[in-house]
Amino acid sequence: LETNMDLLATYSKDWDDFYLSASGGGNILYSRSTNSSNSSMSGTGLIVPSVYTVQNISSAALNYSSALYERAVNSIYALANLGWRDMVYLDLTARNDWSSTLPVENQSYFYPSASLSFLLSEAIDLGRSVNMLKLRGGWAQVGNDTSPYSLIPVYGDSGQWGEAIRLNKPGTLLTPNLKPEQATSREFGTEIRMFNNRLRFDGTYYMVENRNQILGNIPLAASSGYSNIMLNAGLLESQGVEIMIGVTPVRTNDWNWDLNINFTRNETIIRELAEGVDFIDFWRDARVDARGYAYDPAAGHNGLVGNLYSPLKRKVTDVNSPYYGYPILREGVDTGWVPEDEPSLIGNYNPDFIMGLQSQLRFRNFTLSATFDWRSGGQYVSQTFRYYAEQSTTQTWLDNNLVHPGDLGLGQELRDWVVANADWLVKTEEFLQVGGPTPEYGGFPETLSGIRVYDGVFTPGVMGYYDDDGNFILEKENLGNEGTNIVPYILSNPWNFGTQSVFDADYIKIREVSVGFQLPQSIANRLRVKGASISVYSRNIILWTKDSHFGVDPERAYQAESSAGTRGMQFKQGIERYNVDPRVIPVGFRLGLNF
């Protein structure tokens, strides 16, 4: 059930050089959802066949659930539009909400806005070459509540264990004194049109401060009894520019060519976090060991939202050790690389900028249009690549397994070759190994399956520990000498690292191309319309990517998640999964009628 009631009154008046339109009103929003389900558990059935009552289900076999959801928001608001001599315009708004999902002392939140635009070309004679020059600025605040029942934790039903009813405690620690979110934005811009509108410019700079953001995925130590805490996280600041430049290089009776270029750039940074909170965990994914974190800049991080983190290889840090820079390994049937305790920055899923180009060329009644997009910068993590690499079926992973020179077997000669090439083979951040899946690729003999086969590889590195003085104590070399740990090629993928699955997200697209024809007015008159046109178009023409595999489109490097409170569908930005659909280039026809 949802009831939504509005009351609005409007007053407008023109006098002399002024114009005024003012409105005021209120809104009452109430939503309620309930459900109740009772059934027998799968495979248990009824006590007496065909008697469909709850009493005819044994208590140990009863499957039941119920839920209640209520939310109410009461609001009053006002807005006013003022104009003076068709050159100065002032817009004002004010709104106050009272939300039932917030604590009583914080239920009320007020947010106003104001914007001013000034047509300078109407106030000053700028010459015949300037058609319009407009300056504008704005300031606005927006408030937001949270989802119902986010203040006090309650026990929930977990079904039955035999005759016993089970209750569970939520894994997220709630905060009873939550404050409403507040977003404050400032915007400045200008719009210029010159030379009979053949040159056009529109530029905007904006800044948005999101204060008291309500986040429920702030991690907690497991010793607290909870996995996360919901609280007002702090202050996030976004800054960006949007620029549009349009030119008409050709304009005659028969020919017209319009070009429009747009440029956007945005950056969001954490300025403050709540006390005791070091970072915001937007998402994490164990399948590629990658995380979308934003760390507190007070801890020495850049604080950028969109950062991707993953562990790096643990290495020998004792500068006095002859193995300085070598990876530290562990024994076992896998590759042996040991990850660092803390994840490291491996990229950011946000672009440096996005540009677009729209071109329209007209000759008499014919029109040719095309749209191009360019994204520069940013990275994403590919689960598709990770799964292929896990099965050791990618050329990339095959190329990371090196055929040793002269088919050297294990021993001092191979060990000396590995050490001589340690800078690029051992100390690198790449996941290089020696050996391969077949004898032709230099595979070593191994008997893990009980059968002697030549599909073995080894990871160059060392095994050991640090003493109390920080000196690295060697336990065993794993450099190709006798006793080196040989594992089957199929088990050689580094499971605990996401760095090998990170790719650049740059791309250039020809998004759409169309050819159209404006029907003569005589035909339009026969059709009893003001105008008619027909066109053929195609989309998804060309996609060029800087660093993608398997035909992945970086524009789709995200995963849909469940709804979060009142925010609707959320996404794991910067992580791609199964985005390898067959490429489709549609062709369509349009018929346009203007009545």
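Remember, predicted model here, so these are calculated numbers, not experimental data.

Visitor: Honestly, the overall build of the protein chain in this entry has me stumped. Any pointers?
Guide: Secondary structure summary: the protein chain contains six helices and 36 strands in total. Here the C-alpha atoms of the protein chain give a radius of gyration of 32 Å, more than 25% beyond the 25 Å that 2.2 N^0.38 yields for 595 residues. In terms of overall dimensions, the protein chain has C-alpha extents of about 95 × 75 × 60 Å along its principal axes. Taking all 595 residues of the protein chain together, 40% fall into the buried category. Pairs at least 24 apart in sequence give 65% of the contacts found in the protein chain among residues at least 6 apart. With the model as given, the accessible surface of the protein chain reaches about 32,400 Å², and the carbon-plus-sulfur share is 56%. The positive charge centre, built from 47 side chains, and the negative charge centre, built from 66, are 11 Å apart in the protein chain.

Visitor: Help me out: how do you make sense of the environment of D352 in this one?
Guide: The topology assignment puts D352 in the loop between β19 (344-348) and β20 (353-363). Note on D352: relative accessible area 41%, which makes it partly exposed. The spacing of D352 and E267 is 85 residues in sequence and 8.5 Å in space, taken between C-alpha atoms. The residues touching D352, leaving out its near neighbours within four places in the chain, are R265, S376 and G377.

Visitor: Help me out: how do you make sense of the nonpolar core in this one?
Guide: It is characteristic of soluble globular proteins that their nonpolar side chains tend to be buried jointly. Ranked by internal contacts, the top residues of the largest apolar core, which has 22 residues, are I218, L231, I270 and I280. Among the secondary structure elements, those contributing two or more residues to this core are β12 (214-219), β13 (228-232), β15 (255-273), β16 (279-285) and β17 (290-295). Setting aside anything within four residues of it in sequence, one finds L231 in contact with T175, L178, Q213, I214, L215, I218, A274 and V277. Y326, L408, V418 and I486 belong to the second largest nonpolar core, which has 20 residues in total.

Visitor: Explain the pairing of β15 to me, please; I cannot follow it from the model alone.
Guide: Strand residues, when the strand is regular, have side chains that alternate between the two faces of the sheet. Of the pairings in the sheet, the one linking strand β14 (residues 234-251) to β15 comprises 16 bridges and is antiparallel in character. The residue of β15 that forms the bridge with V241 is R265. The turn joining β14 and β15, which pair antiparallel and follow one another in sequence, is formed by three residues. Sheet topology places β15 next to β20; ten bridges connect them, and they run antiparallel. What sits directly across from I261, in β20, is L357.

Visitor: Which parts of the structure should I look at to understand the packing of aromatic side chains?
Guide: Between two aromatic rings, the relevant description is the distance of the centres plus the angle of the planes. The full count for this structure, using the stated rule, is 16 aromatic pairs. Note on F385 and F503: the rings are 5.1 Å apart at their centroids and 80° apart in plane angle, and the pair reads as edge-to-face. Separated by 118 residues along the polypeptide, F385 in helix α2 (residues 383-390) and F503 in strand β30 (residues 502-504) bring together distant segments of the chain. A relative accessible area of 2% places F385 in the buried class. Site record: aromatic cluster; members linked through ring pairs are F263, F353 and W374. The ring of Y226 is capped by K169, whose NZ or CZ atom sits 4.7 Å from the centre of that ring. Between the NZ or CZ atom of K509 and the centre of the ring of Y507, over which it lies, the distance is 5.1 Å.

Visitor: Mind showing me how you'd approach the sheet that holds β12 here?
Guide: If you trace the three strands from one edge of the open sheet to the other, you get β9-β13-β12, paired in mixed fashion. Bordering the open sheet on either side are β9 (172-173) and β12, each of which pairs with just one other strand. Note that β9 and β13 share two bridges and pair parallel. Residue pairing across strands places T172 opposite N228, the latter belonging to β13.

Visitor: Can you walk me through the environment of D254 in this structure?
Guide: Mapped onto the fold, D254 is located in the loop between β14 and β15. Along the sequence, D254 and G347 sit 93 residues apart, while their C-alpha atoms lie 50 Å from each other. When near neighbours in sequence (up to four residues on either side) are disregarded, D254 contacts R362, F363 and R364.

Visitor: What am I meant to see in the sheet that holds strand β22 (residues 379-382) here?
Guide: Strand pairing within a sheet occurs via backbone hydrogen bonds; the two strands may be parallel or antiparallel. Strand order in the open sheet formed by three strands is β30-β22-β35, and the pairing between neighbours is mixed. A strand with exactly one partner marks an edge of an open sheet, and here the two such strands are β30 and β35 (575-576). Set on the sheet, α2 makes contact with β22, β30 and β35; between it and β22 the angle comes to about 40°.

Visitor: What is the right way to read the pattern of salt bridges from this model?
Guide: Note that side chains of opposite charge can pair when their charged atoms are close. Considering all chains together, one arrives at 28 salt bridges under this definition. The partner of E429 in a salt bridge is K315, and the shortest N-O contact between them spans 3.1 Å. Here K315 lies in the loop between β18 (307-310) and β19 and E429 lies in the loop between α5 (422-425) and β24 (433-435), a separation of 114 residues in the sequence. As a salt-bridge pair, K546 and D504 come within 3.7 Å of each other at their nearest N and O atoms.

Visitor: Can you walk me through a nonpolar patch on the surface in this structure?
Guide: Taken together, the side chains of V250, W255, W257, L361, F363, F366, L368, V515, V536, V587 and F589 present a nonpolar region at the surface, about 970 Å² in accessible area. On the secondary structure map, F363 appears in strand β20. Take F363: its relative accessible area is 30%, and that puts it in the partly exposed class.

Visitor: I would appreciate a short explanation of the side chain of S492 in the present structure.
Guide: Relative to the helices and strands, S492 is located in the loop between β29 (487-488) and β30. Judged by its relative accessible area of 0%, S492 falls in the buried class. There is a polar contact of 2.5 Å between the side chain of S492 and the backbone oxygen of Y489.

Visitor: What is the right way to look at the environment of V88 in this model?
Guide: Within the secondary structure, V88 is located in strand β4 (residues 88-99). On the accessibility criterion, V88 (23% relative accessible area) is partly exposed. C-alpha separation for the pair V88 and F18, spaced 70 residues apart in sequence, amounts to 9.7 Å. When residues no more than four places from it in sequence are discounted, the contact partners of V88 are L82, G83, L116, S117 and F118.

Visitor: What's the story with the side chain of D97 in this structure? I'm lost.
Guide: Relative to the helices and strands, D97 resides in strand β4. In terms of polar contacts, D97 uses its side chain to reach the side chain of S75, at 2.6 Å. Of the polar contacts made by the side chain of D97, one reaches the side chain of R95; its length is 2.9 Å. For D97, the residues in contact, after removing those within four places along its chain, are V73, N74, S75, Q107, S108, Y109 and Y111.

About the cut-offs
- Residues numbered from 1 in each chain as written.
- Predicted model: local features only at pLDDT ≥ 70, side-chain atom pairs only at ≥ 80, totals over all residues.
- Heavy atoms only, no water.
- Helix = DSSP H or I, 4+ residues; strand = E, 2+ residues; numbered from the N terminus.
- Rg over C-alpha atoms; globule rule 2.2 N^0.38 Å.
- Buried < 20%, exposed > 50% of the residue type's maximum accessible area, 1.4 Å probe, protein only.
- Contact = heavy atoms within 4.5 Å.
- Areas by Shrake-Rupley, 256 points an atom, 1.4 Å probe, with all protein chains shown as cover.
- Lys, Arg positive; Asp, Glu negative; His and termini not counted.
- Charge placed at Lys NZ, Arg CZ, Asp CG, Glu CD.
- Core = buried A, V, L, I, M, F, W, Y, C linked by side-chain atoms within 4.5 Å.
- Pairing = 2+ DSSP bridges.
- Phe/Tyr/Trp six-rings, centres within 6.5 Å; stacked < 30°, edge-to-face > 60°.
- Lys NZ or Arg CZ within 6 Å of the ring centre and 35° of its normal.
- Axes fitted to C-alpha atoms, helices over the stretch in contact; angles between N-to-C directions.
- Salt bridge = Lys/Arg side-chain N within 4 Å of Asp/Glu carboxyl O.
- Patch = residues over 30% accessible without salt bridge, like charges linked within 9 Å, V, L, I, M, F, W, Y side chains within 5 Å.
- Polar contact = N/O pair within 3.5 Å; in protein donor to acceptor, adjacent residues only side chain to side chain.

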